[in-house]
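Chain by chain, the residues run as shown.
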Amino acid sequence: MYADDRVLVAVVKRVKDLKIARQRHWYRIPRRQMARGIEAEYIALFLSAGAFGAQGGAIAAFARVTGVELARRRDLLPEEATRSEELYYKVQFRRLIEKDPPIVNEPRRSVSFIRTTWDRFISADAIPDLYSEAGFYVDRLYYALGS
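On a predicted model such as this, the values are computed, not experimentally measured, just so you know. (Residues numbered from 1 in each chain as written. Predicted model: local features only at pLDDT ≥ 70, side-chain atom pairs only at ≥ 80, totals over all residues. Heavy atoms only, no water.)

A. Expanded view of the nonpolar core. If you look at the biggest cluster of nonpolar residues, it comprises 22 residues, and the most contacted ones within it are Tyr 27, Ile 29, Ile 43, Leu 45 and Leu 96. Within the residue set of this core, elements represented by two or more residues are strand S1 (6–12), helix H1 (15–24), strand S2 (26–30), strand S3 (42–47), strand S4 (58–72) and strand S5 (87–93). The greatest single-element share of this core, amounting to four residues, is contributed by S4. Not counting the four nearest positions on each side in its chain, Leu 45 is found in contact with Ala 10, Val 12, Leu 18, Ala 21, Tyr 27, Ala 58, Ile 59, Ala 60, Ala 61 and Leu 96. (Core = buried A, V, L, I, M, F, W, Y, C linked by side-chain atoms within 4.5 Å. Buried < 20%, exposed > 50% of the residue type's maximum accessible area, 1.4 Å probe, protein only. Helix = DSSP H or I, 4+ residues; strand = E, 2+ residues; numbered from the N terminus. Contact = heavy atoms within 4.5 Å.)

Next comes the structure, spelled out in structure tokens:
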């Protein structure tokens, strides 16, 4: 784990999707929503408050990405006929690790995808911390060399 490793935060809106992530070690992201692709060493999962109630509204888990491939929805979720031809990134990863404490969504804001760095992610208490522009995040070399 390096300070500048990339972390992609994705929103989990269904309990079923979290179950798949925990048991099968993958999560799907619509290709149309990630035109730049999935360029991250880690994926983190933000559980929506709508689907997870009191447990939701926070980034609760993360994992090291081991692979990414394109797949049609029908191949990922054969029991679901809707949007069967839609393309998704199937982000594969190691076992999910619980984020303790979770990164809370305060102040409450709409969350879709967040791109951040490992050092911001691991030290964050709340979503705004993932966007921090503090000197030691921006000018890493200066701080690494002891100012």
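Following the structure, the description resumes.
B. Representation of the environment of Ile 43. Tracing the sequence through the fold places Ile 43 in strand S3. For Ile 43, a relative accessible area of 1% gives the class buried. Sequence spacing of Ile 43 and Ala 10 is 33 residues, and the spatial spacing of their C-alpha atoms is 7.2 Å. Once residues lying within four places of it in the same chain are set aside, the contact partners of Ile 43 are Leu 8, Ala 10, Tyr 27, Ile 29, Ala 61, Phe 62, Ala 63, Val 65, Val 91 and Phe 93.

C. A look at the packing of aromatic side chains. Counted by the stated rule, this structure contains four aromatic pairs. Pairing Phe 62 with Phe 121 gives two aromatic rings, centres 5.4 Å apart and planes at 75 degrees, and the pair type is edge-to-face. With a gap of 59 residues between them, Phe 62 in strand S4 and Phe 121 in helix H4 (residues 118–123) connect regions that are remote in the sequence. Like Phe 121, Phe 62 is buried. (Phe/Tyr/Trp six-rings, centres within 6.5 Å; stacked < 30°, edge-to-face > 60°.)

D. Up close: H1. For H1, the set of buried residues is Asp 17, Leu 18, Ile 20 and Ala 21. End-on view of H1: buried residues confined to an arc of 155 degrees, all on one side of the axis. Exposed and facing more than 90 degrees away from the buried side of H1 are Val 15 and Gln 23. On the buried face of H1, the contacting elements are S1, S2, S3, helix H2 (49–52) and S5. A positive phi of about 65 degrees marks His 25, the residue just after H1. (Arc of directions from axis to C-beta.)

E. Fine view of the pairing of S5. Counted residue by residue, S5 has five buried out of seven residues, so it is predominantly covered. Sheet topology note: the S2/S5 ladder contains five bridges and is antiparallel. Note that in S5 the partner of Ile 29 across the bridge is Tyr 89. The sheet contact formed by S4 and S5 spans seven bridges and is antiparallel. Residue Gly 67 lies in a different strand from S5, and its bridge partner there is Gln 92. (Pairing = 2+ DSSP bridges.)

On their own, these measurements won't tell you what the molecule is for.
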